[in-house]
Amino acid sequence: MPPQPSRRPPPLPPSLFEGDVPPVPAVSGPGARFFTGSAPGPVHLPDAGLPESYATGRVWVTLADPQRLLVQWDFSADQLRTAASQSVDGHLILSVRPATAPPGGGVLVVLPAGATSWFVTVTGGGTYLAELGCYQPPREWKSLGVSEPVAVPADKPAPTESAEFATIPVDVPFAEIFAKVKEAAEVSAPLIQAINQLREAGFTALPEIGAAAPPAWTPEQQRALAEVLHVAPNRRVWVGSLDVTELVREAAGEGPSAPSSAGFAAGEEAAGPEGIRRLAGEVSSLEAGGAAPGRRGFWFNVNAELIVYGATEPDAKLTVAGRPVKLRPDGSFALRFALPDGDYELSVRAVSADDADVRSARLEFRRATEYRGAETHPPDPALRPPKGEHVNRSVIA
Amino acid sequence: MSGQFALILHAHLPFVRHPEHERFLEEAWLYEAILETYLPLLELLERWRADRLNVRLTLSLSPTLSTMLLDPLLQARFERRLNGLVELAEKEVFRTHFDAALRPLAEFYVERFVRLRELWRGCDRNLVGAFASLQAAGRLEIITCSATHALLPLLARNPGSLKAQVRTAQEHHRALFGRDPVGLWLPECAYAPEIEGVLQDANIRWFVLDSHGLLNASPRPRYGTFAPVFTPNGLAAFGRDFDSARQVWSRQAGYPGDPRYRDFYRDVGFDLDFEYVRPYLPSPEHRGFTGIKYHRITRGGGGAKEVYDLRAAAAAAREHAAHFLTAQLKRLTATAQIMDRPPLVVAPYDAELFGHWWFEGLQFLDAFVRGALASGADLTFTTPTDYLRQNATLQVVRPKPSTWGEGGHYAVWLNEKNEWIQPHLRAAEERMTDLAKRFLTADDLTARALRQAGRELLLAQASDWPFILHTGTGPEYATRRVKEHLLRFFNLHEQLLAGRVNAASLQAIEEQDNLFPHLDYLHWA
């Protein structure tokens, strides 16, 4: 069979190729609903990773909130395995207790193999420390490391006490104040206390700084102001940077995204002294589980746009629908128009640079869409808002 | 009634400069904020100045943000993006020619973008300088925050890091504005008594606490959040007024959720033909925000969005401003009758709330300020520094550790998604202190490596990365940033200990993470 002669397609104007570049990777953003394509490539991560540990053998406890402490320890995997293997039950134990309590008290957490951190629930204020260890045969506590103590603040208004007032002009530098205080004595107390102590001892420098007489204040004033302030011992509403993103997200029809911490409290056991409870079975470093995505109905959008293109002398003046249009260097132009259903007309006019020649055209268009099934019409009210969790949003931290 | 209102806007973005890519998605955070918040804010402040409104406010400019605003590469890229948006908006005027509802909006965006471009060029692309001019004219007070927006109480474990974050920010501020900051914005309002020594050494005179940090202070503060207090170290602590915060941005009842306001998410970058919008997207391979949005939040209708109505949105902003003003005056009037001094309302907000998240937010502010000044009420717009100049005598209390994050403490920045960062930061912080002590003097190359190690550590300490990991809005990027900065740090640490600094790779890192050129690594010593 003889080869068929090749049939070259007729040339198409360049403007019709505008944007017709090969398909690109798709989006992970809210437009995913309106866009099909492949997924974006993975984010490049450094080739070398951070070490699993630095094997310093140290334990830290950090206040996450007044009810929750984060305990972390820095041991190599080998160190942890070896210590666990020498224990009576093959486990390491985390003890979190008031700083004044003896070893082995407070919250005791039997750690799963390999754990390097734990969140521990505490109640009430006070100073706590954490200790990592294990019981070695016959049943002797072996400490692997003890943290520095951490103060847990009482998260409620303090009882009313007598008020102390002080005067410190903002424009007197601290360095100047300290210099004069140090002239008088070596004082390690907080600044205001130090000045007051020195003054009681006859210190006369910095006359404008130091204790001031408290203005009169009555219990009635105190009660009245508390009503204005809505002082509540247990605040439940917080407003910060995250809240505005949630507000905007919810306003856009999305649900709250903040993960609940509710899943982390499982496994609490018998309460111990001073409100501390024995915990077991918690899992450290959980990823908060998201809700299963709801079933998405079949969807279909159809839109129509019109491209008007052409060319004239590069220095000509062009108007479309009475609006001036900037020509490309070669004198060509292309404009897109959204085309809802209906009848339309468009006037296009070119005037030569010397105003001597005029060319114009009047274009008429009609779009009539017959919908079958769910009706849509551009601008399409069925287009749902982008999903907030996919939006790469600005950070307000 | 006599009262004072301290409006504090905290402007911050993490350092997202990526010269290694021609267009980089996360750099768009900066461009969106410039276009939607910083330029419109400047425009508003200039209008207030022109109208001779007696308004003073406080602007906290984070060092990472001001560095980026002054970066020639980012300035050029923003201008390229702005030019693109003008072009896109002009195309939109034609595209919406047959759509009577959208066309006025397209014309609105053309006018807006062109106007803001003129403002941008008019201030010589130097927003920091423009705000500095307003400060010099007495219109606002600029303060700083920690160098890379690190949560300072978490750094109390390493005094060198705490000092470096505060002193670097202070030195950066001095270099930009020719004066020291009087106040310092505590990132996320995170406070613990352990940070006071460093603040005191830097002669920082005031900071802001969330309301519970002050209300739970010991002894109980007599005036609640209606007056600042001195800590025992003589630093003034101002408490955020909870009611004014809740009204503006509470997720339950905040004004920005009104259905008449512009929808944040619905953007032509997601709605229109990909190839059409592609040249104007933040990243050429991904859909993203352009800033041209045609829909309002809308309520009901099964999720369908109605077309944004400029007039209705402006009316909503005025209504909300009037409501806010009425509420403020009512509370201040009640409080003034109780207190023996004029009550003060401290209202701090993220600056990006106004314009970026809440498109009409600056209209709201404008209406609130003008309404207050026209009301005849004895309400003064002040700054914390001005307040302290007029009121040098305060109650002395010990504030409570606190933040303004969810739960009031560190649950956002220390949880199961992001706690893995902390051990690495601790290790790096201790190594940096060791380096500083080891190299009290250093030759040029070694000093450069030490400075860069300090920069990498500062960048790794930013609170933004654990925040993003918590919210899940870009965890890959946040993870990558933390790892990259820490790995660069550890690599430099090894080179310094071995006495073999690789000059070529050092230069490459210096060009990429180029903030704080005169960083003093001895802060860590």
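Conventions used here
- Residues numbered from 1 in each chain as written.
- Chains lettered and ligands numbered in written order.
- Predicted model: local features only at pLDDT ≥ 70, side-chain atom pairs only at ≥ 80, totals over all residues.
- Helix = DSSP H or I, 4+ residues; strand = E, 2+ residues; numbered from the N terminus.
- Rg over C-alpha atoms; globule rule 2.2 N^0.38 Å.
- Contact = placed C-beta atoms within 7 Å.
- Buried ≥ 20, exposed ≤ 12 C-beta atoms within 10 Å, placed from the backbone.
- pLDDT = per-residue confidence, 0-100.
- Pairing = 2+ DSSP bridges.
- Axes fitted to C-alpha atoms, helices over the stretch in contact; angles between N-to-C directions.
- Parallel < 35°, antiparallel > 145°, perpendicular 65-115°, else oblique.
- Left-handed = near helix turned anticlockwise from the far one by under 90°.
- Nonpolar A, V, L, I, M, F, W, Y, C, P; charged D, E, K, R; others polar.
- Core = buried A, V, L, I, M, F, W, Y, C linked by C-beta atoms within 7 Å.
- Domains from an automatic or database assignment.
- Right-handed = clockwise from strand over helix to strand, strands pointing away.

Our focus in this paragraph is the overall build of chain B. A count of helices and strands for chain B gives 19 helices and 10 strands. Computed over C-alpha atoms, the radius of gyration of chain B comes to 23 Å, within 12% of the 24 Å expected from 2.2 N^0.38 for 525 residues, which places it in the range of a compact globule. For chain B, the spread of C-alpha atoms along the principal axes amounts to about 70 × 65 × 45 Å. For chain B, restricting intrachain contacts to residue pairs at least 6 apart in sequence, the fraction spanning at least 24 positions comes to 77%.

Helix and strand counts for chain A come out as 5 helices and 18 strands. When the 397 residues of chain A are sorted by exposure, 26% land in the buried category. Here the analysis covers contacts within chain A between residues at least 6 apart in sequence; of these, 59% occur between residues at least 24 apart.

Negative phi is the rule for most residues except glycine; trans is the rule for most peptide bonds. Proline 137 of chain A connects to proline 138 of chain A through a cis peptide bond whose omega is 0°. With respect to the secondary-structure elements, proline 138 of chain A resides in the loop between β6 (126-136) and β7 (140-146). Here the amide bond leading from serine 218 of chain B into proline 219 of chain B is cis, since omega sits at -10°, within 30 degrees of zero. On the secondary structure map, proline 219 of chain B appears in the loop between α8 (211-215) and β6 (229-230). Its identity as a non-glycine residue notwithstanding, cysteine 189 of chain B has a phi of 55°, on the positive side. The topology assignment puts cysteine 189 of chain B in the loop between β4 (184-185) and α7 (196-201). With a phi close to 50°, phenylalanine 516 of chain B is a non-glycine residue in the positive phi region.

With that settled, consider the confidence of the model for chain B. Of all residues in chain B, 99% have pLDDT values of 70 or greater, and the mean over the chain is 95. Interface confidence for the predicted complex, given as ipTM, is 0.91, next to a pTM of 0.86.

With that settled, the discussion passes to the pairing of strand β5 (residues 206-209) of chain B. Residues and elements named next belong to chain B. A two-sided burial pattern is seen for β5, the buried positions comprising Trp206 and Val208 on one face and Phe207 and Leu209 on the other. Taken together, the 4 bridges between β5 and strand β7 (residues 236-239) define a ladder with parallel strand orientation. The residue of β7 that forms the bridge with leucine 209 is glycine 239.

A few words on the packing of helix α15 (residues 421-438) of chain B against helix α16 (residues 444-460) of chain B. All names here are of chain B. Axis separation between α15 and α16 bottoms out at 11 Å; the angle between their running directions is 155°. What the angle tells us is that α15 and α16 run roughly antiparallel. In the crossing of α15 with α16, the sense of the turn from one axis to the other is left-handed. Taking contact as the criterion, the partners of Leu425, Ala428, Glu429, Met432 and Leu435 in α15 are, on α16, Leu450, Ala453, Gly454, Leu457 and Ala460. The residue inventory of the contact of α15 with α16, partitioned by class, reads 8 nonpolar, 1 polar and 1 charged.

Residue and element names in this part refer to chain A. Pairing within the open sheet is antiparallel, and its 3 strands lie in the order β1-β2-β5. Here the strands that pair on one side only, and so sit at the sheet edges, are β1 (58-65) and β5 (117-121). For this sheet, the mean angle separating the axes of adjacent strands, direction not counted, is 25°. Here 7 bridges tie β1 to strand β2 (residues 68-74), and the two strands are oriented antiparallel to one another. Paired with threonine 62 across the bridge in β2 is leucine 70.

Glancing now at the environment of alanine 50 of chain B. Residue and element names in this part refer to chain B. The topology assignment puts alanine 50 in helix α1 (residues 27-50). Note on alanine 50: 8 C-beta atoms within 10 Å, which makes it exposed. For the pair alanine 50 and glycine 178, spaced 128 residues apart in the sequence, the C-alpha separation amounts to 25 Å.

This next bit is on the nonpolar core. Formed by 233 residues in total, the largest nonpolar core has its most connected members in Leu69 and Val71 of chain A. Sorting elements by how many residues they give to this core places α1 of chain B first, with 13 residues. If sequence neighbours within four positions are ignored, leucine 69 of chain A has contacts with Val61, Thr62, Leu63, Ala64, Val96, Val120, Val122, Tyr128 and Val150 of chain A.

Here the focus is the sheet that holds strand β10 (residues 393-396) of chain B. Across a sheet, paired strands are connected by hydrogen bonds in the backbone, their directions being either parallel or antiparallel. One open sheet accounts for 6 strands, arranged β10(A)-β9(A)-β10(B)-β6(B)-β7(B)-β5(B); its pairing is mixed. The sheet terminates laterally at β10 (210-212) of chain A together with β5 of chain B, the two strands that pair on one side only. Where β6 of chain B lies against β7 of chain B, 2 bridges are found, and the strand directions are antiparallel. Paired with valine 229 of chain B across the strands is alanine 237 of chain B, a residue of β7 of chain B. Running over the sheet, helix α3 (residues 191-200) of chain A touches β9 (165-167) and β10 of chain A together with β6 and β10 of chain B and is turned about 85° from β10 of chain A.

With that out of the way, let us pick up the packing of α1 of chain B against helix α4 (residues 103-122) of chain B. All names here are of chain B. Where α1 contacts α4, the two axes come as close as 10 Å, and the packing angle between them is 70°. Taken together, α1 and α4 sit at an angle that is classed as roughly perpendicular. Residues Leu35, Leu39, Leu42 and Glu43 of α1 form the contact with α4, whose participating residues are Leu116, Leu119 and Trp120.

Moving on, we get to the domain arrangement of chain B. All names here are of chain B. By the assigned domains, chain B splits into domain 1 (2-70 + 126-247 + 312-407) and domain 2 (412-524). In this structure, domain 1 and domain 2 have C-alpha centres spaced 28 Å apart. Of the residues lining the interface, 27 residues belong to domain 1; the matching set on domain 2 comes to 23 residues. For the side of domain 1 that touches domain 2, the secondary structure elements donating two or more residues are α2 (63-69) and α6 (159-177).

Residues and elements named next belong to chain B. Taken across its 5 residues, strand β2 (residues 57-61) has 5 buried, putting it largely inside the fold. Burial along β2 is two-sided: Leu57, Leu59 and Leu61 and Thr58 and Ser60, pointing in opposite directions, are all buried. Summarising the sheet, strand β1 (residues 2-11) and β2 pair through 4 bridges and their orientation is parallel. Following the sheet pairing, isoleucine 8 is matched in β2 by threonine 58. Taken together, β1, α1 and β2 form a β-α-β motif whose crossover is right-handed. Relative to strand β3 (residues 140-145), β2 runs parallel, the two sharing 4 bridges. Within β3, the position partnered with leucine 57 by the bridge is leucine 140.

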